Amino acid sequence: MNFETIYKTYWQKVFRLCMGYANDTAAAKDLAQETFIKVWKQLPKFRNESSIGTWIFRIASNTCLRQIQKDKKMPKSELPLEIKDEILETNIEKDIQLLYQYISELQEVERIIISLELEDMNQKEIAEIVGLSEGNVRVKIHRIKEKLTQKFKKNGN
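Predicted model only: the values in this text are computed from it and were never measured.

Explanation requested: the pattern of salt bridges in the structure shown.
Side-chain pairing between opposite charges can occur once the charged atoms of the two side chains come close. A complete count under the given rule lists 8 salt bridges for this structure. The shortest N-O distance in the salt bridge between glutamate 49 and arginine 47 comes to 2.9 Å. By relative accessible area, arginine 47 is classed as exposed at 61%. The salt bridge involving glutamate 134 is made with arginine 138; its shortest N-O contact spans 3.8 Å.

This is how it looks when you write it as structure tokens:
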């Protein structure tokens, strides 16, 4: 599979995974772009020991986790009012925005698991990516869904 095909096949899925981490469209695009730069550089070294999708999601998850670690080390400051960017309204529905917000509030491993589950990845592949047993992943998915459901109920959605 060539890079262009990989990019077209996985861009939206990787973007949504990154969105679950960042809960910010621009940051998610940056993380997805960084992921595909790594995929492009590492593609010749891919050994087909797992599916290409599993490999790409592993790279994306690691990229997002590294960014979270960097963000924790470097405090963010607010931009002065006169130079704040105007936020463009996206076509993402309110519920989807809330879902991404709630996902971004989960622990890192939970974010990976639920984001991959939302991409219809099977639990065996998710287990490979996060390094847990398939049974443990199944239990975590159930608990994560319960947490998200409770957040929606708590906020009247």
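What follows picks up the thread again.
Where do I start with the packing of helix H1 (residues 3-22) against helix H4 (residues 94-104) in this structure?
Put simply, H1 and H4 touch, their axes get as near as 6 Å, and they point 65 degrees apart. Together, Arg16, Met19, Gly20 and Tyr21 of H1 and Tyr100, Ile103 and Ser104 of H4 make up the contact between the two elements. When grouped by side-chain class, the residues that make up the contact of H1 with H4 number 4 nonpolar, 2 polar and 1 charged.

Help me out: how do you make sense of the packing of aromatic side chains in this one?
Aromatic rings considered in pairs are described by the distance between their centres and by the relative angle of their planes. With the rule as written, the count across this model stands at 9 aromatic pairs. For the ring pair tyrosine 10 and phenylalanine 57, a centre distance of 6.3 Å and an interplane angle of 85 degrees mean the geometry is edge-to-face. Here tyrosine 10, found in helix H1, pairs with phenylalanine 57, found in helix H3 (residues 52-73); they are 47 residues apart in sequence, far enough to count as distant.

Sorry if this is basic, but what is going on with helix H2 (residues 25-42) here?
Helix length check: H2 (18 residues) gives 26 Å between terminal C-alpha atoms against 26 Å at 1.5 Å per residue, within 8%. Among the residues of H2, those classed as buried are Ala28, Leu31, Ala32, Thr35, Phe36 and Val39. Projection of H2 onto a plane perpendicular to its axis shows the buried side chains occupying an angular sector of 135 degrees, all on one side. Across from the buried face of H2, at angles greater than 90 degrees, the exposed residues are Trp40 and Lys41.

Calculation rules
Residue indices follow the written sequence of each chain, beginning from 1 at its first position. The predicted nature of this model means local features are confined to residues of pLDDT at least 70 and side-chain atom pairs, given and counted, to a pLDDT of 80 or more, with totals for whole chains, interfaces and linings taken over all residues. No hydrogens and no water enter the side-chain calculation; it runs on all heavy atoms of the structure. By convention in these notes, a salt bridge is any Lys or Arg side-chain nitrogen within 4 Å of a carboxyl oxygen on Asp or Glu. Each residue is assigned to one of three classes by its accessible area relative to the maximum for its type, calculated with a 1.4 Å probe on protein chains only: buried under 20%, partly exposed between the two thresholds, exposed over 50%. The angle between two axes is taken between their N-to-C directions and runs from 0 to 180 degrees, where each axis is a line fitted to C-alpha atoms and a helix contributes only its stretch in contact. Numbering of helices and strands runs from the N terminus, with a helix taken as a DSSP run of H or I at least four residues long and a strand as a DSSP run of E at least two residues long. In this description, contact between two residues means that some pair of their heavy atoms is separated by no more than 4.5 Å. Gly counts as polar in this scheme, as do all residues outside two lists: the nonpolar Ala, Val, Leu, Ile, Met, Phe, Trp, Tyr, Cys and Pro, and the charged Asp, Glu, Lys and Arg. Here the aromatic set is Phe, Tyr and Trp, taking the six-membered ring for Trp, and pairing holds for ring centres within 6.5 Å; pairs whose planes are under 30 degrees apart are stacked, those over 60 apart are edge-to-face, and all others are tilted. Given the number of residues in a helix, its expected span is that number minus one, multiplied by 1.5 Å. Read the arc as the range of directions from the helix axis to the C-beta atoms.

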